[in-house]
Amino acid sequence: MEAALTRILTPKQSQNILKEVETSKAEGRPYVITFVGVNGVGKSTSLSKVCRYLMHHGHRVLITACDTFRSGAVEQLRVHATRLGADLYEQGYAKDPASVAMAGVRHAKDKGYDVVLIDTAGRMQDNEPLMRALAKLVNLNRPDKVLFVGEALVGNDSVDQLQKFNQAMIDFAGVAEPRTIDGVMLTKFDTIDDKVGAAVSMVYTTGQPVVFVGVGQTYTDIRHLNVKSLVRALLR
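Remember, predicted model here, so these are calculated numbers, not experimental data.

**Q** What should I look at first to understand the overall build of the protein chain in this one?
**A** Helix and strand counts for the protein chain stand at nine helices and eight strands. For a compact globule of 236 residues, the expected C-alpha radius of gyration is about 18 Å, and the protein chain comes in at 17 Å, within 12% of that figure. If one aligns the C-alpha atoms of the protein chain with their principal axes, the spans along those axes are about 50 × 40 × 35 Å. Residues classed as buried in the protein chain amount to 52% of the 236 residues present. A sequence separation of at least 24 residues applies to 76% of the contacts in the protein chain between residues at least 6 apart. On the protein chain, the mean spot of the 29 positive side-chain charges and the mean spot of the 25 negative ones are 3 Å from each other.

Structure below.
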């Protein structure tokens, strides 16, 4: 059992984002990560933790506000950016998120940023208009990484959300080779007990790894998934 769980949770490919950023820099372009997920899972906070992590490792990061739907979303991101000392690209509200993302990436390339972090509107997985808009944003901009942010606390509900997000991005892509979710960031990983199995289910169901876990409220509370520790917790 231990060997099987370890095999499921161990990424099939390297998840060294810092190395991937360096590769993009060598190619003369910014590395782009898009954060997606349902409402209220802490997407903006999770993005901010990743921002701090990348800045701590010496990278210039541009946060791009593509939640042009929810009132206050841009202001919330601006607060995070100010606290982090990061730059924010935004065009306000009622704009096409895909176009804002494209303009943000273009701005980042022109100004020599290393990484672009794209925030998107939270949406329920069954909201077809918003899922179409997300598929358009992702497939038009082709980010290096699409991270699904989910709550560890909700257990298998996160698995259902992830599956439906992935399927919607395929169904509404409008291209021959649609971009889908590349990895998972689990929030509230410090508060779970028996629901730790959600991490296994999400990885097993989609084949995509848990890239980061959030383990607290501050910007520094971000970790890579420790596979050995998680397997021990599951087998206790």
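After that view of the structure, there is still more to cover.
**Q** Would you take a moment to explain the sheet that holds strand 4 (residues 115–120) for this structure?
**A** In a beta sheet, neighbouring strands pair by backbone hydrogen bonds and run either parallel or antiparallel. Taken in spatial order, the eight strands line up as 3-2-4-1-5-6-7-8 in an open sheet, and their pairing is mixed. The sheet is open, and its two edges are formed by strand 3 (87–89) and strand 8 (222–223), each paired on a single side. Looking at chain direction, strand 1 (residues 31–36) and strand 5 (residues 145–151) are connected through four bridges and run parallel. Looking across to strand 5, one finds that I33 is bridged to K145. With respect to the sheet, helix 3 (residues 43–56) is in contact with strand 1, strand 2 (61–66), strand 4, strand 5, strand 6 (183–187), strand 7 (210–214) and strand 8, its orientation differing from that of strand 4 by roughly 175 degrees. Across the sheet, helix 4 (residues 73–84) is in contact with strand 2, strand 3 and strand 4; its angle to strand 2 comes to roughly 165 degrees.

**Q** What is the right way to look at the pattern of salt bridges in this model?
**A** Where charged atoms from two side chains of opposite charge approach closely, those side chains can pair. Per the stated rule, a full pass over the model turns up twelve salt bridges. Of the charged contacts in the structure, one is a salt bridge between D67 and R70, with a shortest N-O distance of 3.6 Å. Taking the relative accessible area as the measure of exposure, D67 reaches 3% and is therefore buried. Among the salt bridges present, the one from D182 reaches R179, with a minimum N-O distance of 2.8 Å. For D182, a relative accessible area of 18% puts it in the buried group. Exposure remark for R179: the relative accessible area of 12% places this residue in the buried category. What you see here is one network of salt bridges that share partners, running through E27, R29 and D144.

**Q** Just to check I follow, could you spell out the environment of G216 for this structure?
**A** Structurally, G216 can be placed in the loop between strand 7 and strand 8. Residue classification places G216 among the buried residues on the basis of a relative accessible area of 18%. Taking the C-alpha atoms as reference, G216 lies 35 Å from D110; in sequence the two are 106 residues apart. Not counting chain neighbours up to four residues away, the residues in contact with G216 comprise K49, D190 and D221.

**Q** Explain the packing of aromatic side chains to me, please; I cannot follow it from the model alone.
**A** When we look at a pair of aromatic rings, we describe it by the centre distance and by the angle of the planes. Throughout the structure, instances matching the rule amount to two aromatic pairs. Seen from their ring centres, Y53 and F212 are 5.4 Å apart, and the 70 degrees between their planes marks the pair as edge-to-face. Taken as a pair, Y53 in helix 3 and F212 in strand 7 lie far apart in primary sequence, 159 residues in all. We note that Y53, like F212, is buried. Here the aromatic rings of F148 and F165 are separated by 5.3 Å at their centres, their planes lie at 70 degrees, and the arrangement is edge-to-face. Of this pair, F148 sits in strand 5 while F165 sits in helix 7 (residues 156–171), and the two are 17 residues apart along the sequence. A residue is classified by how much of its surface remains accessible, and F148, at 0% relative accessible area, is buried. A residue is classified by how much of its surface remains accessible, and F165, at 0% relative accessible area, is buried. In this arrangement the basic side chain of R60 is found over the ring face of Y113, its NZ or CZ atom lying 4.1 Å from the centre.

Basis of the calculations
Residues numbered from 1 in each chain as written. Predicted model: local features only at pLDDT ≥ 70, side-chain atom pairs only at ≥ 80, totals over all residues. Heavy atoms only, no water. Helix = DSSP H or I, 4+ residues; strand = E, 2+ residues; numbered from the N terminus. Rg over C-alpha atoms; globule rule 2.2 N^0.38 Å. Buried < 20%, exposed > 50% of the residue type's maximum accessible area, 1.4 Å probe, protein only. Contact = heavy atoms within 4.5 Å. Lys, Arg positive; Asp, Glu negative; His and termini not counted. Charge placed at Lys NZ, Arg CZ, Asp CG, Glu CD. Pairing = 2+ DSSP bridges. Axes fitted to C-alpha atoms, helices over the stretch in contact; angles between N-to-C directions. Salt bridge = Lys/Arg side-chain N within 4 Å of Asp/Glu carboxyl O. Phe/Tyr/Trp six-rings, centres within 6.5 Å; stacked < 30°, edge-to-face > 60°. Lys NZ or Arg CZ within 6 Å of the ring centre and 35° of its normal.

Function cannot be inferred from these measures alone, as they are strictly geometric.
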